Amino acid sequence: EMQAHDPTIGPPEAADRLAKFIRTEVSKDPRQAVLPRTALISSGLVDSFSLIKVLAFIEDEFGIVIPDEAATAQAMDSIELILQLMDIYAGDGPNG
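Trainee: Help me understand the overall build of the protein, please; the structure alone is not making it clear to me.
Mentor: Across its full length, the protein carries three helices and zero strands. Reading the protein from its N terminus to its C terminus gives the helix and strand order α-α-α. Out of the 96 residues belonging to the protein, those deemed buried represent 34%. When contacts within the protein are restricted to residue pairs at least 6 apart in sequence, long-range pairs at least 24 apart make up 55% of them. Of the roughly 6200 Å² that the protein leaves accessible, carbon and sulfur atoms contribute 53%.

Trainee: Even after reading the chapter, I still don't get the packing of aromatic side chains, so can you show me in this structure?
Mentor: Within a pair of aromatic rings, the relevant descriptors are the distance that separates the centres and the angle that separates the planes. If you walk through the whole model with that rule in mind, you get two aromatic pairs. With a centroid separation of 4.2 Å and 10° between ring planes, the pair formed by Phe21 and Phe57 is classed as stacked. Of this pair, Phe21 sits in helix H1 (residues 14–26) while Phe57 sits in helix H2 (residues 51–62), and the two are 36 residues apart along the sequence. The class of Phe21 is buried, set by a relative accessible area of 14%. Ring plane angle 85° and centroid distance 6.1 Å describe the contact between Phe57 and Phe62, whose orientation is recorded as edge-to-face. Accessibility expressed as a relative area gives 13% for Phe57, which makes it buried. An aromatic cluster is built from Phe21, Phe57 and Phe62, whose rings are joined through pairwise contacts.

Trainee: What exactly am I supposed to notice about the pattern of salt bridges here?
Mentor: When their charged atoms lie close together, side chains carrying opposite charge are able to pair. For the structure shown, the criterion picks out four salt bridges. One salt bridge connects Arg31 with Asp29, and the closest N-O pair in it is separated by 3.1 Å. We note a salt bridge from Arg37 to Glu80, for which the minimum N-O separation is 2.9 Å. Of the two residues, Arg37 is situated in the loop between H1 and H2 and Glu80 in helix H3 (residues 79–90); the sequence distance between them amounts to 43 residues. Using a relative accessible area of 21% as the deciding quantity, one classes Glu80 as partly exposed. Salt bridges sharing partners connect three or more residues here, namely Glu13, Arg17 and Glu61.

Trainee: How should the packing of H1 against H3 be read in this particular structure?
Mentor: Following both chains from N to C, one finds H1 and H3 inclined at 125°, their axes separated by 10 Å at the closest point. Classified by the angle their axes make, H1 and H3 are oblique. H1 and H3 meet at a crossing whose hand is right-handed. Between H1 and H3, the contacting residues are Ala14, Ala15, Leu18, Ala19 and Ile22 on the first element and Ile79, Ile82, Leu83 and Met86 on the second.

Thresholds applied
Residues numbered from 1 in each chain as written. Predicted model: local features only at pLDDT ≥ 70, side-chain atom pairs only at ≥ 80, totals over all residues. Heavy atoms only, no water. Helix = DSSP H or I, 4+ residues; strand = E, 2+ residues; numbered from the N terminus. Buried < 20%, exposed > 50% of the residue type's maximum accessible area, 1.4 Å probe, protein only. Contact = heavy atoms within 4.5 Å. Areas by Shrake-Rupley, 256 points an atom, 1.4 Å probe, with all protein chains shown as cover. Phe/Tyr/Trp six-rings, centres within 6.5 Å; stacked < 30°, edge-to-face > 60°. Salt bridge = Lys/Arg side-chain N within 4 Å of Asp/Glu carboxyl O. Axes fitted to C-alpha atoms, helices over the stretch in contact; angles between N-to-C directions. Parallel < 35°, antiparallel > 145°, perpendicular 65-115°, else oblique. Left-handed = near helix turned anticlockwise from the far one by under 90°.

Structure representation (structure tokens):
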């Protein structure tokens, strides 16, 4: 039932866990499917203020801290984009 095998970066189940969290905790319409490229903020599905919850979830679940200045509504407008951010800050390496 899971044929989402695009080469998503980050922890293997990260996309699924993020999608579930966003759909159940922050989406204004829980019936709307949250796919990797579903527009979240720009579509109005998720309030940009709710991104704080998403950031907290990422920190709790994956131990990745995304700095506020990077966590813009544009940079977090889809699961795919959020995963890219997670990938950048996962190492906290010098590739900023």
